[in-house]
Amino acid sequence: MTTTIARGTSDSPVRSLRGGRRPPRELLFRIALQASLGIAISFLAVLLGYVLWTGLPRLDADLLLNMPSTLRPETAGAQSAIMGTLWVITLTALITVPIGVMSAIYLEEYADPTRWWNKVLDINIQNLAAVPSIVYGILGLGVIARGLGLGLTVLSAAITLSLLVLPVVIIAGREAIRAVPNSIRFGSLALGATKWQTIWKQVLPAAVPGTATGSILALSRAIGEAAPLLLLGALAYISFNPDGVLSQFTVLPVQIYDFIKQSREDFVPLASAAICVLLVILLVMNSLAIYLRNKFQRRW
Amino acid sequence: MTPLTQHVESRFPALSQSEAREAALTIAGQDTPGPSPVSVPSPVFEMSDVSVYYDHYQAVRNVDLPVARREITALIGPSGCGKSTILRCFNRMNDLVPGARVTGKITFHDEDLYADYVDPIEVRRRIGMVFQKPNPFPKSIYDNVAYGPRVNGVKKGLDEIVEQALRGAALWDETKDKLTESALALSGGQQQRLCIARTIAVQPEVILMDEPCSALDPIATSKIEDLMHDLAEDFTIVIVTHNMQQAARVSDRTAFFTADVDDAGVRHGRLVEFDKTATIFSNPSDRRTEDYITGRFG
């Protein structure tokens with residue numbers, strides 16, 4: 001059987017069904033894709049623009065140098081909240097990254113995926129990543145702040161946020177470890193390296209970019225969380241910076257929430273300015289993620 | 001004493017040696033169309049009645065195969081005949097495949113490779129392996145070659161070891177000025193020679209090669225083949241290849257594998273014939289070998 005393929009030329013109109021239909025559909029699809037992207041980006045642009053516009057009058061040195069105050073919004077700052085955020089997120093990172101990476105190594109390299117308990121673990125980690133953050137707040141209040149008696153401290157906040165981001169870090173770590181080709185593992189083992197040497201010297205270095213990126217992005221999510229810490233009972237208007245892990249503290253999202261709760265309109269620019277600070281911290285962290293990823297990739 | 005005789009003797013210790021030999025001959029006779037066991041001078045490995053299972057699937061059955069010292073032994077045969085599986089038995093890489101199981105006996109210098117006390121890590125230090133696809137580590141050329149000695153605890157004289165290994169793999173002249181550059185920037189053929197250098201840096205006694213040239217162009221292939229000739233002066237080499245001409249060019253002895261299809265339609269690899277390469281290619285004793293090497297199937 002012979003088939004003739006209809007080709008569109010200038011003098012004969014295209015009669016082939018395929019040739020006639022495909023272009024418009026592809027074009028429509030492409031427009032739909034671009035429109036989706038456009039909607040997403042314009043939302044972001046409007047939000048950022050609005051926050052920057054309203055916050056501009058209060059983006060000054062006072063914001064960084066002064067403590068929060070309910071009395072004088074025109075000179076009040078957010079220093080204790082900024083410092084609190086940095087303290088909490090650093091401690092969260094110190095808790096999360098080692099535990100998350102080790103869990104990921106265990107699950108990828110040691111656990112037998114055919115065993116039912118490992119399957120249960122796997123599903124539960126996926127589910128935990130989707131649990132609303134306020135649930136972790138309840139856990140933090142009940143078990144960490146009250147049960148362990150850590151109270152409302154940097155440490156209990158960091159542990160609570162660690163629980164929140166740990167599943168995401170584990171999942172990111174597992175994906176990074178899984179992305180390391182088996183040929184690298186076999187190459188190492190065939191040279192007489194032990195399993196531990198193979199993991200430590202080959203798999204982990206190759207998985208660093210992915211793990212670092214995933215961890216930092218997860219921490220970025222934690223940094224913006226107000227709900228679990230509000231539930232934990234984080235205070236606003238704290239007039240001192242944390243001086244240790246057992247210090248009282250406040251964080252930016254909680255402080256912003258409290259600024260906005262105030263009835264006086266002067267607090268709106270202050271809240272927007274504080275949001276800008278939070279965004280800058282997020283931007284720095286995400287840039288760090290990209291930098292780390294590129295740096296380690298270049299070394300290959 | 002042939003491996004099969006040894007095997008029979010080990011299974012039936014009550015038999016005298018002559019009785020064992022006789023029994024072995026009987027078994028070998030019954031086992032047609034399997035090959036009669038062949039002995040080689042100063043064997044490094046001896047496989048007797050080795051079968052490999054993946055879960056319940058028997059991938060290769062009843063292989064008797066000796067490997068001679070400082071020779072190149074080629075394993076040839078069509079796809080799915082189990083030659084790579086057999087190769088991976090020699091350095092216990094099959095241990096890494098979930099569900100893989102090896103039965104029968106494989107000795108390395110008369111020591112049972114699969115005895116309980118044997119440490120697979122130690123086995124792989126003595127028996128190196130080069131893979132089908134070049135798999136350099138994402139590190140510098142130097143670090144690739146130094147990796148094996150380092151994990152084996154060598155701290156001093158690494159520079160010299162690296163140079164010797166790269167020279168041994170005929171890669172020194174091309175890489176001596178860029179040792180700190182990434183190994184991934186090398187060409188495919190260079191990467192494969194780097195993998196060979198990496199392997200000989202550990203000073204193994206045996207190098208197993210699993211289709212080392214199948215991802216390379218003809219020029220890179222001929223360089224590796226030349227290299228294998230040189231390496232055979234110091235190492236025992238077992239190479240799996242799809243390429244019959246390659247087996248004919250490089251090897252001293254050739255084992256021809258094929259796959260039987262059983263009643264259920266399942267393929268099982270088996271060894272058909274093992275002999276000197278010249279004999280296999282000029283005067284094979286089995287019809288299937290002849291068909292394969294003359295290109296009638298496979």
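## Regarding the overall build of chain B
Counting its secondary structure elements, chain B contains 12 helices and 10 strands. For chain B, with 298 residues in total, the buried portion stands at 50%. Sequence-distant contacts in chain B: of pairs separated by 6 or more residues, those separated by 24 or more amount to 69%.

## Some details on the overall build of chain A
Across its full length, chain A carries 11 helices and zero strands. Reading chain A from its N terminus to its C terminus gives the helix and strand order α-α-α-α-α-α-α-α-α-α-α. Burial statistics for chain A: of 300 residues in total, 38% are counted as buried. Contacts in chain A between residues at least 24 apart in sequence constitute 75% of all its contacts with a sequence separation of at least 6.

## Topic: the pairing of strand β3 (residues 72-76) of chain B
Sheet faces and side chains relate simply in a regular strand, where the side chains alternate between the two faces. Residue and element names in this part refer to chain B. In terms of burial, β3 is largely enclosed, as five of its five residues are buried. Residues I72, A74 and I76 of β3 are buried on one face, and the alternating residues T73 and L75, pointing to the opposite face, are buried as well. The pairing of β3 with strand β8 (residues 236-240) spans four bridges and is parallel. Looking at the pairing, A74 lines up with I239 of β8. Two elements, β3 and strand β9 (residues 253-261), share four bridges in a ladder whose sense is parallel. Paired with I76 across the strands is F256, a residue of β9.

## Things to note about the nonpolar core
Core analysis: the largest hydrophobic core is formed by 80 residues, its most contacted members being L75(B), A165(B), A197(B), L208(B), I237(B) and V238(B). Excluding its chain neighbours within four sequence positions, the residues that come into contact with V238(B) are V67(B), T73(B), L75(B), L87(B), F90(B), V206(B) and L208(B).

## Looking at helix α3 (residues 83-90) of chain B
Residues and elements named next belong to chain B. Most of α3 is tucked away: eight of the eight residues are buried. The set of residues buried in α3 consists of K83, S84, T85, I86, L87, R88, C89 and F90. Once α3 ends, the next one or two residues include R92, with phi positive near 60 degrees.

## With respect to the interface of chain A and chain B
On the side of chain B, 22 residues touch chain A, which itself brings 14 residues to the contact. Elements that contribute at least two residues to the side of chain A that touches chain B include exactly α7 (182-190) and α8 (195-223) of chain A. No other element matches the six residues that α7(A) contributes to the side of chain A that touches chain B. Grouping the constituent residues of the side of chain A that touches chain B by class yields eight nonpolar, six polar and no charged.

## Details of the domain arrangement of chain A
All names here are of chain A. You can read the domains of chain A as domain 1 (17-58) and domain 2 (62-299). Taking the mean C-alpha position of each, domain 1 and domain 2 sit 30 Å from one another. Contacts between the two partners involve six residues from domain 1 and, on the opposite side, eight residues from domain 2. Among the residues forming the side of domain 1 that touches domain 2, the class breakdown is three nonpolar, two polar and one charged.

## Some points on helix α8 (residues 188-200) of chain B
Residue and element names in this part refer to chain B. Look at α8: 19 Å from first C-alpha to last across 13 residues, which is about the 18 Å you get at 1.5 Å a residue. Among the residues of α8, G189, Q190, Q191, Q192, R193, L194, C195, I196, A197, R198, T199 and I200 are the ones counted as buried. Where α8 is buried, its residues contact β6 (127-130), α5 (141-151), α6 (158-168), α7 (172-175), β7 (206-210) and α9 (218-231).

## Some details on the environment of A218(A)
Residues and elements named next belong to chain A. Along the polypeptide, A218 turns up in helix α8. On the neighbour-count criterion, A218 (26 C-beta atoms within 10 Å) is buried. Taking the C-alpha atoms as reference, A218 lies 23 Å from G233; in sequence the two are 15 residues apart. Setting aside chain neighbours within four positions, we find A218 in contact with V165, V168, V169 and A172.

## What to know about unusual backbone geometry
The general pattern is negative phi for most residues beyond glycine and trans for most peptide bonds. Residues and elements named next belong to chain B. Phi at N62 is positive, roughly 50 degrees, even though this residue is not glycine. Residues other than glycine seldom take positive phi values, yet R70 does so here, at roughly 50 degrees. Positionally, R70 belongs in the loop between β2 (57-68) and β3. Exposure remark for R70: the 16 C-beta atoms within 10 Å place this residue in the partly exposed category.

About the cut-offs
Residues numbered from 1 in each chain as written. Chains lettered and ligands numbered in written order. Predicted model: local features only at pLDDT ≥ 70, side-chain atom pairs only at ≥ 80, totals over all residues. Helix = DSSP H or I, 4+ residues; strand = E, 2+ residues; numbered from the N terminus. Buried ≥ 20, exposed ≤ 12 C-beta atoms within 10 Å, placed from the backbone. Contact = placed C-beta atoms within 7 Å. Pairing = 2+ DSSP bridges. Core = buried A, V, L, I, M, F, W, Y, C linked by C-beta atoms within 7 Å. Nonpolar A, V, L, I, M, F, W, Y, C, P; charged D, E, K, R; others polar. Domains from an automatic or database assignment. Expected span 1.5 Å × (residues − 1).

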